[in-house]
Amino acid sequence: AQNVTVDEIMTAYKQACQKLNCKQIPKLLKQIQEFKDLAPRIDCLDLKGEKLDYKACEALEEIFKRVQFKIVDLEQTSLDEDGASALFDMIEYYESATHLNISFNKHIGTRGWQAAAHMMRKTNCLQYLDARNTPLLDHSAPFVARALRISSSLVILHLENASLSGRPLMLLATALKMNMNLRELYLADNKLNGLQDSAQLGNLLKFNCYIQILDLRNNHILDSGLAYICEGLKEQRKGLVTLVLWNNQLTHAGMAYLGMTLPHTQSLETLNLGHNPIGNEGVRNLKNGLIGNRSVLRLGLASTKLTCEGAVAVAEFIAESPRLLRLDLRENEIKTGGLMALSLALKVNHSLLRLDLDREPKKESVKSFIETQKALLAEIQNGCKRNFILAKEKEEKEQKLQQSASMPEITVTEEGLAEDGQDSSVASAPEEGEEAGETPMASENGNAEPVEEDGDRGDVTDSDSDTDEETDAGPAASPASAPSQGNERRISVSSPGRGHKIFVVTRVESLPERAADAAVKSVESQSPAPATKPELPVSRANGAVPKSAAGSVTPPATPSVSSDPERGDPVACESATHETPLPNGLKMDFARALPETSSDGDGKMGSCTAEHELSCWKNERELEELLLEASQDAGQEPL
């Protein structure tokens, strides 16, 4: 409603109560009086614990008619079928809530759930539904399942202790395979078993890659059920971020399945296995899987029957892990030996920010060990503090970088050439997470050969390091492949999220134009190459030059070439080829694969001959002849 006042709402509600002959709710009147700004959604309508019969629910329509809320809290309001269906119809019609809590209402029955399902299907604004301790029985489940399949707007669904085991879960899981909006699903305390129920959940995980949190605490999943869930987890590429398996009677046998699955999960960040009798053997079964996993940041092992032996296995994982942020080991019998291992692991680990252990030292047969335990606990805390400070500094540094990079700045600095006239390399500022120093590596997998620099020849050998960003630089780099006459411009570019790169851009200046033109004409007029491959003569000419002292053809990954000013004419030669730039992606391997014989047939590599002759030439005539020979070679021997 437009332009409503608080008084109007109060009057309308009171009149409705009189008309329906039901009691006004004092808690509600107090809230209405405190409403401030009525135009957007009001934060909360809290009716928790009030007994709402059908008439009380009808009276509420006068409020829903006039204002909308973020949260409508109907927890423990003793709703019956009539009241529930009336309320849900209102909430659907007036789009009253984005968050709805209907938990602890045991008697909403089939009609109540039917209305709730209709509301879930029709309301575009409802994102959160909490139905804890509100039983969803066999005859009601199909309605809710249908609502969830037709992709409702729900993002978070709480169905803890809703008697789901069996048919209701089967219907929900089948429906959710199709759902693309739900992100969080809470199914604790449903007595879910290790057979059909777990098989349904495993199946759900195979097909749904949108759910990010799956909470299964306090069920009876068992090792048999965990095997089904692991099958589903293996299929998750993006998707599940948090899996809670707290208190599901899992043992070392289940950890073997999980250990084999963990190296395959790419999105799982939080894994809570607390309150399962996993034992030392279970942690040993998990260890290699955890080391092979690249996503887990938080691991819960509270009350998992660990002793020092198990703590040593966990410590081995901590020492190996570059990303673990939090680890919970409370309520385990970890004594001096285990604490020692954890303390040593923290000396080499730089990521762990929080390691939860019992505060009180454990009883030891040797009295002095109790003091040792206290010292070790303090040491472990200090290790975490140190990592925390480092992480904060790193974060601040990255924020500064992002601020400076949010506007891409370009700074140009003029610099003289390297004195020897050899190639100057691409300088890339060694930022965290970027390829550092003078050896750009392929991103992530680290299986690239570094770009080497050979000082004598001055050519850059090819490498596998075509990461995305370097390939992006390819086309931009090719015009820069002409060597410069004496000065180059270093352009440093910082752009959002890419770190800071410096590209060396070299330009040809003050060319002897006549020579360049003559060279181009000679290639164009006298080339006998077939018309279908017009670029072949040029690429041969291009191929002949890269090894020259003038400068190297670099792979597109490293856009830097500079020339030797003392060697004169090669510049003109390369400028001829520069008119038609290299086909993007031409590599040194390609140059080496070109025909080797030069016309004097002295058995040397063509490019070596070219290098030698280029440095000796003095006049243009010879230059033209060599270009012609090169183009004829290319014409005769198709690549």
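Residues numbered from 1 in each chain as written. Predicted model: local features only at pLDDT ≥ 70, side-chain atom pairs only at ≥ 80, totals over all residues. Heavy atoms only, no water.

K.L.:
With reference to specific residues and values, describe a positive patch on the surface.
P.N.:
Together, Arg121, Lys122, Arg146 and Arg149 line one region of the surface with positive charge. Breaking the positive patch down by element, the ones donating at least two residues are α6 (109–122) and α7 (141–149). Among the secondary structure elements, Arg121 is positioned in helix α6. By relative accessible area, Arg121 is classed as partly exposed at 33%. (Patch = residues over 30% accessible without salt bridge, like charges linked within 9 Å, V, L, I, M, F, W, Y side chains within 5 Å. Areas by Shrake-Rupley, 256 points an atom, 1.4 Å probe, with all protein chains shown as cover. Salt bridge = Lys/Arg side-chain N within 4 Å of Asp/Glu carboxyl O. Lys, Arg positive; Asp, Glu negative; His and termini not counted. Charge placed at Lys NZ, Arg CZ, Asp CG, Glu CD. Helix = DSSP H or I, 4+ residues; strand = E, 2+ residues; numbered from the N terminus. Buried < 20%, exposed > 50% of the residue type's maximum accessible area, 1.4 Å probe, protein only.)

K.L.:
Quick rundown of the sheet that holds strand β12 (residues 354–356)? Include the residues and the values.
P.N.:
The 12 strands lie next to each other as β1-β2-β3-β4-β5-β6-β7-β8-β9-β10-β11-β12, forming an open sheet whose pairing is parallel. Among the strands making up the open sheet, the edge pair consists of β1 (42–46) and β12. Between one strand axis and the next, the sheet turns by 5 degrees as a mean value, whatever way the strands run. Bridge analysis of strand β7 (residues 213–215) against strand β8 (residues 242–244) gives 3 bridges, and the strand direction is parallel. By the bridge assignment, Asp215 is partnered in β8 with Val244. (Pairing = 2+ DSSP bridges. Axes fitted to C-alpha atoms, helices over the stretch in contact; angles between N-to-C directions.)

K.L.:
So what about the pattern of salt bridges? Which residues, and what values?
P.N.:
In the structure shown here, the tally under the stated rule is 21 salt bridges. Here Lys70 ties to Asp43 by a salt bridge, and the two come within 3.1 Å at their closest N and O atoms. With Lys70 in strand β2 (residues 69–73) and Asp43 in strand β1, this residue pair connects regions lying 27 residues apart in the sequence. With a closest N to O distance of 3.0 Å, Lys347 and Glu379 form a salt bridge. On the criterion of sequence distance, the pair formed by Lys347 in helix α14 (residues 336–348) and Glu379 in helix α15 (residues 368–405) is long-range, its members being 32 residues apart.

K.L.:
I'd like to hear about the packing of aromatic side chains, residue by residue, with values.
P.N.:
In total, this model carries 3 aromatic pairs according to the counting rule given. Plain terms: the ring middles of Tyr93 and Tyr94 are 5.0 Å apart, the flat faces sit at 85 degrees to each other, and that makes the pair edge-to-face. Since its relative accessible area comes to 63%, Tyr93 is described here as exposed. By relative accessible area, which is 17% here, Tyr94 ends up buried. One aromatic cluster in this structure is built from Phe35, Phe64 and Phe69. Lying across the ring of Tyr210, Lys238 places its NZ or CZ 5.0 Å from the centre. (Phe/Tyr/Trp six-rings, centres within 6.5 Å; stacked < 30°, edge-to-face > 60°. Lys NZ or Arg CZ within 6 Å of the ring centre and 35° of its normal.)

K.L.:
Could you give me a rundown of the packing of helix α11 (residues 252–261) against helix α12 (residues 279–292), with the residues and numbers involved?
P.N.:
The N-to-C vectors of α11 and α12 enclose an angle of 0 degrees; their axes lie 8 Å apart at closest approach. One element, α11, and the other, α12, form an angle in the roughly parallel class. Packed against α11, whose contacting residues are His252, Met255, Ala256, Leu258 and Gly259, the element α12 presents Glu281, Gly282, Asn285, Leu286 and Gly289 at the interface. Of the residues that constitute the contact of α11 with α12, the class distribution is 4 nonpolar, 5 polar and 1 charged. (Parallel < 35°, antiparallel > 145°, perpendicular 65-115°, else oblique. Contact = heavy atoms within 4.5 Å. Nonpolar A, V, L, I, M, F, W, Y, C, P; charged D, E, K, R; others polar.)

K.L.:
An account of unusual backbone geometry is needed here, citing residue identities and associated values.
P.N.:
Backbone geometry places Asn21, a non-glycine residue, at a positive phi of 55 degrees. Topologically, Asn21 is positioned in the loop between α1 (6–20) and α2 (26–34).

K.L.:
Just give me the short version of the packing of helix α8 (residues 167–176) against helix α9 (residues 196–207), but keep the residues and values in it.
P.N.:
Interaxial distance between α8 and α9 falls to 9 Å at its minimum, and their mutual angle equals 5 degrees. The angle between α8 and α9 falls in the class roughly parallel. Between α8 and α9, the contacting residues are Leu169, Met170, Ala173, Thr174 and Leu176 on the first element and Asp197, Gln200, Leu201 and Leu204 on the second. Broken down by class, the residue content of the contact of α8 with α9 amounts to 6 nonpolar, 2 polar and 1 charged.

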